[in-house]
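Notes for the structure review
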Amino acid sequence: MEQFTNYQEHIDNAIKWFWEALPNLVAAIILLFLGIYIIRFINKMIRKFFSKKDYDESLESFLQSLISISLKILLFVLVITQLGVQSSSLVAIIGAAGLAIGLALQGSLANFAGGVLILLFKPFKVGDWISAQGVDGSVKEISIFTTKLKTFGNQIAIIPNGQLSNNNIINYNAEDTRRDKIDVGIGYGSNIKKAKDILLGICVENENILKDPIPEVYVGELADSSVNLTLRFWANNEVFWKAHFHVMEEIKYRFDAEGIEIPFPQRVIHQELLESK
């Protein structure tokens, strides 16, 4: 009988608690559905805003996800608070959990922060040819944690954004034009003026090489076995390598035709044979 009385007491307490908590529970459910509706409306407005602006697609996707997640976390806190959980205790729990997760994912958070910086400041964009972390390649994809480069050999190099955002990056497509520098050696017995005229003539005849700024050639070094000439010219990015390889090939053809020597390392061995009778 006493045990039955205890059960009845627990049931009565549960019913009492339910009726006391019912208003908060109803309010929390209403707040949840209302919050979900508001979040969907805000996300819809954000998508419309980005559709009218010419922002990077990766940045748009990241910002939309960040705003949506932030709003959902805020809604979760509001609903839990409405159910009677102390906001100070909830904030302390979330803070402790965030600290633990942050310590465990330091590298990932650094890459995340690097991805945000890249997307915001745009040191490069998809399609640019860059040199970073010892890798040269065309930017194929920029994500929150990593950046993918397609190399000359058609391999995919994946570089963490934390390293990209904290180290030097050379963006070859940042400007529309690019200057090439070609060093070529001629023999000391060759005519320097004739060699310079040939180099400038190659540039004048090539339609891919810009005439303004004008190409220039000068003596860069008097080396041990050659006079090193330096040729500089400008070309648009899309035809830069086409112009470069054409000039390299034409230099060999023209110098050979004009009798201008291009020295190369040689080793001469003198051997004396002593014949004994």
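Starting afresh in each chain, residues are numbered from 1 along the sequence in its written order. Totals for whole chains, interfaces and linings use every residue, but because this is a predicted model, local features are given only for residues with pLDDT of at least 70 and side-chain atom pairs only at 80 or more, for both listing and counting. Based on all heavy atoms of the structure, the side-chain values leave hydrogens and waters out of the count.

Considerations on the environment of Ala243
Strands here are runs of E lasting at least two residues and helices are runs of H or I lasting at least four, both read from the DSSP assignment and numbered beginning at the N terminus. As for its placement among the helices and strands, Ala243 is situated in helix α7 (residues 240-258). Relative accessibility decides the category of a residue: with a 1.4 Å probe and only protein chains considered, values under 20% of the type maximum give buried, values over 50% give exposed, and everything between is partly exposed. The buried category is assigned to Ala243, whose relative accessible area is 0%. With 40 residues separating them along the chain, Ala243 and Cys203 place their C-alpha atoms 8.9 Å apart. What Ala243 contacts, discounting residues up to four positions off in sequence, is Asn206, Asn208, Ile209, Phe233 and Ala235. Note on contacts: a residue pair is in contact if any heavy atoms of the two residues lie within 4.5 Å.

So, the environment of Leu210
Inspection of the secondary structure puts Leu210 in the loop between α6 (192-205) and β7 (216-222). Put simply, Leu210 and Arg179 are 31 residues apart on the chain and 9.7 Å apart in space, counted from C-alpha to C-alpha. Among all residues touching Leu210, those that are not within four sequence positions of it are Thr177, Pro215, Trp234, Ala235 and Asn236.

Observations regarding the sheet that holds strand β4 (residues 156-160)
Read across the sheet, five strands follow the order β4-β3-β2-β1-β5 without closing on themselves; strand pairing throughout is antiparallel. Across the chains shown, the open sheet's two edge strands, defined by having one partner strand only, are β4 and β5 (170-171). In this description, strands pair whenever DSSP reports at least two bridges between them. As judged from the four bridges shared by strand β1 (residues 129-132) and strand β2 (residues 135-142), these two strands associate in the antiparallel manner. Its bridge partner lying in β2, Trp129 is registered against Ser138.

Focus: the nonpolar core
A general feature of soluble globular proteins is that nonpolar side chains tend to end up buried together. Only buried residues count toward a nonpolar core. Its members are Ala, Val, Leu, Ile, Met, Phe, Trp, Tyr and Cys residues joined through side-chain atoms within 4.5 Å. The biggest cluster of nonpolar side chains holds 21 residues, and the ones touching the most others in it are Leu199, Leu229, Phe233, Val247, Ile251 and Phe255. With residues near it in sequence (within four places) discarded, Val247 still touches Ile182, Ile202, Asn206, Ile209, Leu231 and Phe233. Core analysis: the second largest hydrophobic core is formed by twelve residues, Leu119, Ile142, Ile144 and Ile159 among them.

Details of the pairing of β7
Looking at chain direction, β7 and strand β8 (residues 227-236) are connected through six bridges and run antiparallel. Each residue of the ladder has a partner; that of Tyr218, found in β8, is Thr230. The hairpin turn running from β7 into β8, its antiparallel successor, is four residues long.

As for the pattern of salt bridges
Salt bridges, as used here, are contacts in which a Lys or Arg side-chain nitrogen is within 4 Å of a carboxyl oxygen on Asp or Glu. Counted by the stated rule, this structure contains eight salt bridges. Put simply, Lys181 and Asp183 hold a salt bridge, and the shortest N to O gap is 2.9 Å. Note on Lys181: relative accessible area 45%, which makes it partly exposed. According to the relative accessible area criterion, Asp183 is partly exposed, its value standing at 48%. Arg254 is the partner of Glu205 in a salt bridge, and the nearest nitrogen-oxygen pair spans 2.6 Å. Highlighted residues: Glu205 in helix α6 and Arg254 in helix α7, separated in sequence by 49 residues. Look at Glu205 and you get exposed, because its relative accessible area is 57%. Using a relative accessible area of 25% as the deciding quantity, one classes Arg254 as partly exposed. Where salt bridges share partners, they join Glu205, Glu250 and Arg254 into one cluster.

Let's talk about the confidence of the model for the protein chain
What pLDDT conveys is the predictor's confidence in a given residue, as a value from 0 to 100. Here the protein chain shows a mean pLDDT of 81. Residues at 70 or above account for 75%. Looking across the protein chain, the model is least confident in helix α3 (residues 87-104), with a mean pLDDT of 60, and most confident in β8, with 96.

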